[in-house]
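Letter by letter, the chains look like this.
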Amino acid sequence: MTPSKPYRVFRTSALVLVVFTLMAPLLWMITASFKTNVDIYDTAKAFVFSPSLKNYETVLQQADYLQFIGNSLWVAFAATVLSLLLGVPAAYSMSRFTMKRSALVVLMARVIPGVSLLVPWYYVFSNLKLVGGFTVLILSHMFVSLPLIVYIMMGYFDGLPTELEEAALVDGLTHIGAFRRITLPLSVPGVATAGILSFIFSWNNFMFALVLSDSDTKTLPVAIFDFVGYASIDWGGLMAAATVVTLPIMLIALFVQKYVVSGLTAGATKG
Amino acid sequence: MRRRPIIGTSLAVVAAMSLAACGGGDGGEGSKTLRVTLVNHVWTENIKKALPEFEKQSGLTVEVTQLGEDQLSDQYNVKLNAGASDLDVMMYRPLQEGKQFGKNKYLADLTEKTKSDSAFEFGDFQAGPVQATTYEDKVVGVPIITEQEVLYYRKDLLTKSGFTAPPKTLDELKAQAAKVEADNPGVAGFVARTGKAAAVTQFSSFLFSFGGDFVDGSGKATVNTEQAKQAYAYYGGLLRDHGPENISTDMSWSEAMAIFTQGKAAFYTEANSLYKNATDPTKSKVVETVGFAPFPAGPAGSKPYNIPSWALGVNDNSENKDNAWKFVQWAAGKEQALAQQTAGVPGARASVWANPAATASYPKDLVEANTVSTANGVGHDRPLVVKVAQAREIVGQPIVDAITGKDAAASADTANEAFQKFLDDEAK
Amino acid sequence: MSAVTTPRTDAPAAPAAPQQDSAWSRWANKHRKWLFAAPAMTFVAVLIVFPVAWTGYLSLTDAEGSVRAESEFIGFQNYLDVLTDTDRFWPAVWRTVLFTGVVLFFEVVLGMAIALLLWRPFCGEKWVRVAILLPLVATPVAVGMMWRLIFDPNIGMANQLLGWVGVGPQPWLAGQHSALPTTMFIDVWQWTPMVVLILLAGLTSLSDEPQEAARIDGASTWQRFRHVTLPLLMPTVIVAILLRGIDALKTFDILYATKGRGGGSFHEVETLNVYAYGLSFDYNDYGVSSTVLIIFFLIIIGVMWALTYRKKGLGR
């Protein structure tokens, strides 16, 4: 049942419009990052201009962007790995024992407004002498990652047949042994999905890092806000910085597209 | 099956690594490491370049945290609130946060230290700024940057419209703005900050020059006096009638400055400390044509603000106060103050202002404008209260109402009522 | 469970390695349910309970300036003040509801339309999927910056485009009345793709049979969508609304990056989250801020509960 020709024409033009609307702003951002500020303000030079790498020089030299990239990578990575360590077994248990209320406790972290957490956290952590490093930042990002991971992995474990585990029990494995040797290896795609998504969300997180990071631990999204600082609205620099923040995560997402999609849509099809 | 051990091992390594990283961050015991929080500013760039010299001299290691204005105050709010000790030296705005920090005892008492050090010569600082960094008779900060409001203008556009000199009065400013705008389609006669809170400081000079103020001597709100109403109507009207098309009511200095430096406005009233944005060829198209003039006179004369915009303080909870003072001593000392002033950042030391070499690199007309402003200036540019942010929003409302064409006088009455209530609450 | 790769069922069974039959192992296996779940739950609970309790406590006091400063217990006075505040609070509630409602409507309708277009395989599908994924993973703060440039009234691309088709320049984010719709547009731009992906996953998992049956019965395309596809897809739609709804209620990054604190001079994009942030970090009014947060939290929970309830009602 191939669609009729008029429909195909309609569909193609509609999709071209969709793709254009989604891509054009991003392309515009990247274009502007190669312009000098004088060219950005000159509307006659919208498309014809001499590209310059100067903004990227500004971004990578004046502010220590390489360090911020490192910070972002480190925080996102550590928060993701630690959240996986906590979240995967929890999701397994919650799925196998249908612990709906317990799951709700973890998912509450996704619901609560972040503003209410900042001052209390800082208060507690500074009394525990834990501030002044990555600790608080990583913990706050875990708070974003963990519910996401639990949510995705619960959906994944729900869909894993239990027969193999049961067979392993018959073979003499303990329950934990069966989880480690049978279920976990089978869940690698799910874990990858959950991990990648948690990485993306942590990379993009703004509010926690805005308040909880200092100059040594500043992450990329906060760093780009610096360009709106006391000096001037440096649009070229801002767009270059925005590109620097967004491009790595977009590239990662493209490479692992399949996992990202399945993670974002987890739970969507459970009646 | 083969994958599991690898994953397991790497997980363990990562966990160990992150725990190791988490373990850090103590560094207490009157340490050799000094934590200094500074705002994004030309001053900060200059001081960072000079830092190695200080580190060598003192044997201390300085960790600089550099943040934008809003993030800086967000961080202070979180950290000082929590009683954090991981801040030693803090750069802050005496008129914005000074009273609040003083009231909450966030700032260490520096009175003894400033008085006992003869080489530092605290008496060299101008009286107005020092008053702003003093809370209940205790010196809690050292002023480092001062600001006055001046008129930025375009020499070429004025000449083209037949004006030989920048406006001396606010009436002339309005007339010249109208003429230049009529002669140059696409160029606004006048631009200035429009954001409710952001505009208050630049509006204050208009208010003073019309003969008004935010609060009178007895602590009563006075933003609905005849003078204040005229000032609101004038400022808002000028922007409404001769400002840029599609004028936004969110503009702070960066947006307004962008319009001026792209050649899209003839006049601009702004703090002189930002002049480098207009004279830096990588940011500005009007480097050759920008001129500076003293703030135009209103019915009460030319009364621009003359204020200390930034100061250095020491966190009262710091465990490293003596070393923190060493940094303040150096960064606000005579030598650095002179270097800063020479590099275009106006300071608070009288001796530096008296030194002609310090302003040799400035545009000549800017130096003249500064001299006039310093002589006539008013020592504040916003209501002097504890909760400045709220107060600015209240007294700023008539500004945006005037810009958007609402009745400025009625809005000023409403604002005055709200402001009086605010002052009463705060007095309790 | 079609969304996630189904594991191969012929995975090699593990060799039955000799198990350590220690007391610890027996204990661990017996209590594995809580052994597995407890760490994550404890982590979340520890990080939530204290802040929520503290926020609840502060909401009953007149704390301001510094949370360590002395404050007085004033009962429910803050709640009374906040709930009767028609100046900032109720407009913020209204904007939150409006923002969430409007973006959800457009995201679901557009998302459904695009998902239906993408449903059947076609040439170039891969590229469309890439285009859909990119806005979704882009950093919201960077996105905010990007749109600020595009919507700049004087130099932005948006007004240039309008100029080419003969429409005069618009103030966009700068206008008192156009700012909120503009931020809604940005949200729709960034998050419609998520709804597309969710609905697409749902559509792909539908079986073809009911469609075929309806076609044989002579139902039109619209009728087939309205009476066959849509009802079957409804649970997925609810999930999409639930996931997006929570995030839309809590939107912060884009509003903060485009309009700053207070949501502009007329508070034109000040939602509850932005208002609470301003109360805490701009005004240091911790008592009132906590009150607003508690009410906001209750609203979110209420909305979630209502949606899950509806989802259950529709289940099957």
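Just so it is clear, the model here is predicted, and its values are computed rather than measured.

Draft legend 1. A look at the overall build of chain C. Looking only at helices and strands, one finds 13 helices and 0 strands in chain C. Reading chain C from its N terminus to its C terminus gives the helix and strand order α-α-α-α-α-α-α-α-α-α-α-α-α. A compact globule built from 316 residues would reach a C-alpha radius of gyration of about 20 Å, whereas chain C, at 25 Å, exceeds it by more than 25%. Judged by the C-alpha coordinates and their principal axes, chain C covers about 75 × 65 × 35 Å. Counting only residues that meet the buried cut, chain C has 45% of its 316 residues in that class. Put simply, of all contacts in chain C between residues at least 6 apart along the chain, 69% involve residues at least 24 apart.

Draft legend 2. Inspection of the overall build of chain A at higher detail. A tally of regular secondary structure across chain A gives 14 helices and 0 strands. Starting at the N terminus, the α and β elements of chain A follow one another as α-α-α-α-α-α-α-α-α-α-α-α-α-α. Taken over the C-alpha atoms alone, chain A extends approximately 75 × 70 × 30 Å along its principal axes. Sorting the 271 residues of chain A into buried and exposed places 59% on the buried side. Across chain A, the fraction of contacts at a sequence separation of at least 24, relative to all contacts at a separation of at least 6, is 77%.

Draft legend 3. Local environment of the pairing of strand β10 (residues 306–314) of chain B. Residues and elements named next belong to chain B. Of all 9 residues that make up β10, 9 are buried, and the element is covered over most of its length. When strand β6 (residues 142–154) meets β10, the two strands line up antiparallel, connected through 6 bridges. Its bridge partner being in β10, Pro-143 is matched across the sheet by Ala-311.

Draft legend 4. Geometry of the packing of helix α4 (residues 89–119) of chain C against helix α8 (residues 179–205) of chain C. All names here are of chain C. Closest axis-to-axis distance for the α4/α8 pair is 6 Å, and the angle between their directions is 45°. As summarised for this structure, α4 and α8 are arranged oblique, according to the angle between their axes. As for how α4 packs across α8, the hand of that crossing is right-handed. Of the residues assigned to the contact of α4 with α8, the class counts are 20 nonpolar, 2 polar and 3 charged.

Draft legend 5. Structural detail: the pairing of β6 of chain B. All names here are of chain B. Along β6, 13 of the 13 residues are buried, which leaves the element largely enclosed by surrounding structure. In the sheet, β6 pairs with strand β8 (residues 265–271) via 5 bridges, with the strands oriented antiparallel. Each bridged residue has a counterpart across the sheet, and for Tyr-153 the counterpart in β8 is Phe-267. Relative to strand β9 (residues 290–293), β6 runs antiparallel, the two being bridged by 4 bridges.

Draft legend 6. Spatial organisation of the UniProt feature "transmembrane region" (unreviewed entry) in chain C. All names here are of chain C. Residues annotated by UniProt as "transmembrane region" (unreviewed entry) correspond here to residues 34–54, 97–119, 131–151, 188–207, 228–246 and 286–307. Across residues 188–207 one finds 90% helix and 0% strand; the C-alpha atoms that close the span lie 30 Å apart. In residues 286–307, the share of helix is 100% and the share of strand is 0%. The end C-alpha atoms are 31 Å apart.

Cut-offs used in this document
Residues numbered from 1 in each chain as written. Chains lettered and ligands numbered in written order. Predicted model: local features only at pLDDT ≥ 70, side-chain atom pairs only at ≥ 80, totals over all residues. Helix = DSSP H or I, 4+ residues; strand = E, 2+ residues; numbered from the N terminus. Rg over C-alpha atoms; globule rule 2.2 N^0.38 Å. Buried ≥ 20, exposed ≤ 12 C-beta atoms within 10 Å, placed from the backbone. Contact = placed C-beta atoms within 7 Å. Pairing = 2+ DSSP bridges. Axes fitted to C-alpha atoms, helices over the stretch in contact; angles between N-to-C directions. Parallel < 35°, antiparallel > 145°, perpendicular 65-115°, else oblique. Left-handed = near helix turned anticlockwise from the far one by under 90°. Nonpolar A, V, L, I, M, F, W, Y, C, P; charged D, E, K, R; others polar. UniProt positions renumbered as here; feature names shortened; annotations may be inferred.

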